[in-house]
Structure formats: C-alpha cells, structure tokens
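# Observations on the three-dimensional arrangement
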Amino acid sequence: MLVYLNGEYLDHDRATVSVDDRGFLFGDGVYEVTRARNGRLFEPGRHLRRLGRGLEALGIAPPAGFEPEGGALAEISDRLLRDSGLVSGDALLYLQITRGAAQRTHHFPPAGTPPTVFLQANRLAVPDDVRARGATAITTPDLRWQRCDLKTVQLLPNVLAKQQAVAAGAFEAVFVRDAILTEGASTNLFAVIGGALRTHPATERILPGITREVILELANEQGLSVVEQPVAVADLSRVTELFLTSTSNDVMPVARLDGRVVGSGRPGPVARQLQAALRERLERDTAQAPAV
Ligand code: PDD
C-alpha cells in the first residue's frame, strides 16, 4: 500500500516521520478524514475549508495545494485510491498536517520550517449491521479543552473515552459537559425531542462535523423541524430518538444509552429517513465516472 508523505509516494512500511516532529512531540497539528466512494471524494470542499480554519487557528501556513481551492487533495487522493485498489466501494482518506520537525521548543519553530504532510487511503467497512439493530453508547465527562471545534491530533480524551466505551461493550462514548451532551468521542450527536430534531450548535464545544452539516441540510430539505440547541441530561427522558453522525458511520442510531433503552429501542424513523437521504446524496455526488 502506498502513502503520501512530504511530496513523495512511498510504500506504507517505508514511510517514517522524524522523532522531532511536532505532531509526535506535542500533538501540534490537524487532520481530516474524508469519505471516498467509487474513487471519488465526498464533500472535499467542506473538508478543505475546515482544514483551512484549523491551520489558521494554529498559525500553520497551508502547504502548497492545500488551500481551500487548492488541487493537492484531489490529485493525491486520486493516486492513493487508485494504487490502493479503492476505486470501487467505500474508503476513507486520512490527511494530517503538523507544524513539522524542529528542535524541541514549546513555542513555534523558526519561520520556514516545512510542515509535515501525510495522507493515506483505507478501505471502509460501513457498519450496516450495527445500524440495523442500533448501537449502544455510554456517557462520560467531557474533559477536553475549550477549542473542540478544531480538528487537532490531540485526541487523548477522545481515545480514553472510546476505550471506556469498548471496555463497556459499547459503540460510542458521548461526552457530557455542564450537564449537556456535547458530542461523541468521534461523532456528532442528534436527538428527536417532541418531534423536532436537535443537535448542539456549532460552537467551540463540538467539532463542526461535515456529516452533521449535510444532515442538517437534508433534514431541512425534507421539511423536518430542526433546532440547533443542545440536549441536556435532563431532556433524556423525553428523547424518542438518538443518533450519531460521522464520515465513517453515516447516521448511526443509538438504541441504548448507559444501559437504558432510547425510544423504542430500535432505529427510529427519523434516523432511517436521514440515513437513506445521506446515502442517496453520497451516491449522487460520487456517481460520475471515476476521475482515475
Ligand atoms: N471523527 N466529532 C468528533 C470529535 C470527531 O472526531 C468527528 C469525526 C466528528 C464527525 O465529523 P465528520 O462528520 O466530519 O466526520 C464529530 C473522524 C471521522 C475520526 O476521527 O476518525
């Protein structure tokens, strides 16, 4: 399998990053995970814009071609998807940019230190079996920092939360901060309360998920009543549906939270309707003849 690292296409096993890399030493970098279907990226423009906002917030100059209108993502992903045999079916493209390798100082390295740019493509096994019966989730305190809107590679609280879920036999851990359910360890959270769809507003407390954005658009198109308002722990008794969204999971209904049945305990109609609409949008947007 081939990966892209700092301008080169390398065999996966030969691609190595410096021990001085600030991604390794400080978690000083950002990443994106983009869905590919049949060799084509889904919503690449939105991913590049989110990447651009993250790089700007961290003060890392966008590497050439990775500006929001740049062509590097399309060009590199075409080659990686083709050479990894991923021109049909579902795949994920991982992109990481760090502040680069430099002598260890907490403050930024000298201007001109080249950022580290890494991309790889992997097959995605879409979890349709879990979707059909509904996932289980647990809640856990949201111990993250105050800029959860930035998709940085500092993911330790997310890693610990997800491991807590796995240890409990659950699919996802949902963060709770100030008695409010913010989002999952690697997913956004939606609920249906009193017939209306609710999700946390895109503040600094959550990652503005690309799937979340698309789902909000689809829900509006379908005439669903939507409010960007967080779900409080106190609202849980009135929740009739709960679901998670992400690039790798699409819409994932939650059947049980902390062992308690959510709604009917089965995937609900709103989640099923939005999953169908998302899948249709994904198929439509990636339907053209593969670019590779
Ligand atoms: N996770 N919230 C968090 C904390 C996430 O890490 C993610 C994505 C999302 C959903 O965002 P999107 O719809 O853009 O995938 C929400 C990715 C997939 C990951 O870390 O692998």
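Residues numbered from 1 in each chain as written. Predicted model: local features only at pLDDT ≥ 70, side-chain atom pairs only at ≥ 80, totals over all residues. Heavy atoms only, no water.

### A word on the overall build of the protein chain
Condition: Only DSSP runs of H or I with at least four residues qualify as helices, and only runs of E with at least two residues qualify as strands; both kinds are numbered from the N terminus onward. Here the radius of gyration uses the C-alpha set of atoms, whereas the globule reference equals 2.2 Å times the residue count to the power 0.38. The classification of residues rests on relative accessible area computed with a 1.4 Å probe and restricted to protein chains. Under 20% of the type maximum is buried, over 50% is exposed, and intermediate values are partly exposed. By the convention used here, residues are in contact when the closest approach between their heavy atoms is within 4.5 Å. Only the protein chains shown count as cover for residues, and the accessible areas themselves come from Shrake-Rupley with a 1.4 Å probe. When charges are counted, Lys and Arg are positive and Asp and Glu negative, with His and the chain ends excluded. By convention, charge coordinates are those of NZ in Lys, CZ in Arg, CG in Asp, or CD in Glu.
For the protein chain, the helix and strand inventory stands at seven helices and 16 strands. Radius of gyration (C-alpha) of the protein chain: 19 Å, near the 19 Å computed for a compact globule of 292 residues. Projected onto its principal axes, the C-alpha positions of the protein chain cover 55 × 45 × 30 Å. Counting the 292 residues in the protein chain, one finds 51% classified as buried. Pairs at least 24 residues apart make up 72% of the contacts formed inside the protein chain by residues separated by at least 6 positions. Total accessible area computed for the protein chain in this model is approximately 13300 Å², and 54% of it derives from carbon and sulfur atoms. Between the averaged position of the 32 positive side-chain charges in the protein chain and that of its 34 negative side-chain charges there is a distance of 4 Å.

### What to know about the pattern of salt bridges
For clarity, the cut-off: The salt bridge definition used is simple: a Lys or Arg side-chain nitrogen within 4 Å of an Asp or Glu carboxyl oxygen.
Enumeration over the complete set of coordinates arrives at 30 salt bridges. Residue D285 is joined to R284 by a salt bridge in which the shortest nitrogen-to-oxygen separation is 3.0 Å. Given a relative accessible area of 24%, D285 falls into the partly exposed group. Owing to a relative accessible area of 55%, R284 belongs among the exposed residues under this scheme.

### Here we look at the packing of helix α6 (residues 210-221) against helix α7 (residues 269-285)
Where we set the bar: Each axis is a line fitted through C-alpha atoms, taken for helices only over the stretch in contact, and angles between the N-to-C directions span 0 to 180 degrees. By definition in this entry, angles of less than 35 degrees are roughly parallel, angles greater than 145 are roughly antiparallel, angles of 65 to 115 are roughly perpendicular, and the rest are oblique. All amino acids are sorted into three groups, where Ala, Val, Leu, Ile, Met, Phe, Trp, Tyr, Cys and Pro are nonpolar, Asp, Glu, Lys and Arg are charged, and the leftover types, Gly among them, are polar.
Where α6 contacts α7, the two axes come as close as 10 Å, and the packing angle between them is 110°. When the axes of α6 and α7 are compared, the pair comes out roughly perpendicular. On α7, the residues that touch T211, V214, I215, E217, L218 and A219 of α6 are L274, A277, L278 and R281. The residue makeup of the contact of α6 with α7, split by class, is seven nonpolar, one polar and two charged.

### With respect to the domain arrangement of the protein chain
Filter applied, for reference: All the domain ranges listed were derived from an automatic or database domain assignment. Summed over both partners, buried area is the accessible surface (1.4 Å probe) that two parts give up on being assembled.
When cut into domains, the protein chain gives domain 1 (2-123) and domain 2 (128-283). Using only C-alpha atoms to locate each centre, domain 1 and domain 2 end up separated by 26 Å. At the junction of the two partners, domain 1 supplies 24 residues and domain 2 supplies 21 residues. When domain 1 packs against domain 2, close to 2000 Å² is buried across both sides, 59% of that on carbon and sulfur atoms. Seen at the junction of domain 1 and domain 2, the total is six salt bridges. When contributions to the side of domain 1 that touches domain 2 are tallied by element, the ones reaching two or more residues are β3 (29-37), α2 (44-58) and β5 (90-98). If one sorts the elements of the side of domain 1 that touches domain 2 by residue count, β3 sits on top with eight residues. Its residues placed into classes, the side of domain 1 that touches domain 2 shows nine nonpolar, six polar and nine charged.

### A look at the sheet that holds β3
Short version of the rule: Strands qualify as paired when DSSP identifies two bridges or more between them.
If you trace the six strands from one edge of the open sheet to the other, you get β2-β1-β6-β5-β3-β4, paired in antiparallel fashion. Strands at the two margins of the open sheet, each flanked by one partner only, are β2 (8-11) and β4 (40-41). Across the sheet, α2 is in contact with β3, β4 and β5; its angle to β3 comes to roughly 175°.

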